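Observations on chain architecture
Listed here are the chains, written in short residue letters.
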Amino acid sequence: MTHPIRLIPMKVGKSRKMIYYASDDKQYYQGEITPKTGYDLALFISFLTSAIIGTVLWLGKFFFPIPKITVSNPILWWFAFVVTTILPAFFWWMAYRAAKKRVDNHLNLQPFQPNDQQKRYLKNKWSFERAWILFVLLLLPPTTLLFFVLYLVKMNLIDAVLLTLHGTLFLRRLQPGLLERLKLASHYLT
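Residues numbered from 1 in each chain as written. Predicted model: local features only at pLDDT ≥ 70, side-chain atom pairs only at ≥ 80, totals over all residues. Heavy atoms only, no water.

**A closer look at the environment of Lys-26**
- Locating Lys-26 in the fold gives a position in the loop between β2 (15-22) and β3 (27-31).
- If we skip the residues at most four places from it in the chain, Lys-26 touches Tyr-21 and Thr-190. (Helix = DSSP H or I, 4+ residues; strand = E, 2+ residues; numbered from the N terminus. Contact = heavy atoms within 4.5 Å.)

The structure is reproduced here in structure tokens:
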């Protein structure tokens, strides 16, 4: 028997629960939402900071000229490289390891019988979530690699910000059990 697959968080009664689905017995389960680690928060802050800076720079180019910020000093280049690339990768690695160690306790899952409206919501939300994960996993690795190469070649700080933005968005979707989650199409949910 396989372990139930984590789907989405959903409000059940008065609290939010994580909903799981076991494809073997076609049964839904509910469990507590596990708290995120500090590394997850640090990765999210890296993403949010790069998103804000990247958006301001992207929208700003329509209203005022953006200077090309070339990092020619090797010490500053390495500092920017560590802050924009190595630190987010470290945060992701530590969060991934913590999530792997903190295996969802499948013994604490209670059966969950969703009504028709909840089943429709679960199918629709899971379809969107799965499509979003596939989109991120297919689109963002090439663009992350592109901005990495551009940063290495041009030494432009804007490329480093875009590298962080694309890289952290990609890394936030790489979680334990990802392939099992992607294999479960929404039409299999009963």
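**Let's talk about the packing of aromatic side chains**
- Inspection of the entire model under this criterion finds 15 aromatic pairs.
- Ring plane angle 5 degrees and centroid distance 5.2 Å describe the contact between Trp-77 and Tyr-151, whose orientation is recorded as stacked. Here Trp-77 is found in helix α2 (residues 74-101), whereas its partner Tyr-151 is found in helix α3 (residues 116-154), with 74 residues between them in sequence.
- An aromatic cluster is defined as three or more aromatic residues linked by ring pairs; in this entry it consists of Trp-77, Trp-78, Phe-81, Phe-148 and Tyr-151. (Phe/Tyr/Trp six-rings, centres within 6.5 Å; stacked < 30°, edge-to-face > 60°.)

**Some thoughts on the pattern of salt bridges**
- Summed over the entire model, instances satisfying the criterion amount to three salt bridges.
- Among the salt bridges present, the one from Glu-32 reaches Lys-17, with a minimum N-O distance of 2.5 Å. In this pair, Glu-32 is assigned in the loop between β3 and α1 (38-60) and Lys-17 in strand β2, connecting sequence segments 15 residues apart.
- Judged by its relative accessible area of 55%, Glu-32 is exposed. (Salt bridge = Lys/Arg side-chain N within 4 Å of Asp/Glu carboxyl O. Buried < 20%, exposed > 50% of the residue type's maximum accessible area, 1.4 Å probe, protein only.)

**Some points on α2**
- For α2, spanning 28 residues, the distance from its first C-alpha to its last is 38 Å, which sits close to the expected 40 Å at 1.5 Å a residue.
- Along its length, α2 shows its largest kink, about 40 degrees, at Val-82.
- Considered for burial, the residues of α2 that qualify are Trp-77, Ala-80, Phe-81, Thr-84, Thr-85, Pro-88, Phe-91, Trp-92, Met-94 and Ala-95.
- Buried-residue contacts for α2 involve α1, α3 and α4 (157-173). (Expected span 1.5 Å × (residues − 1). Bend = angle between axes of the 7 residues up to and from the residue.)

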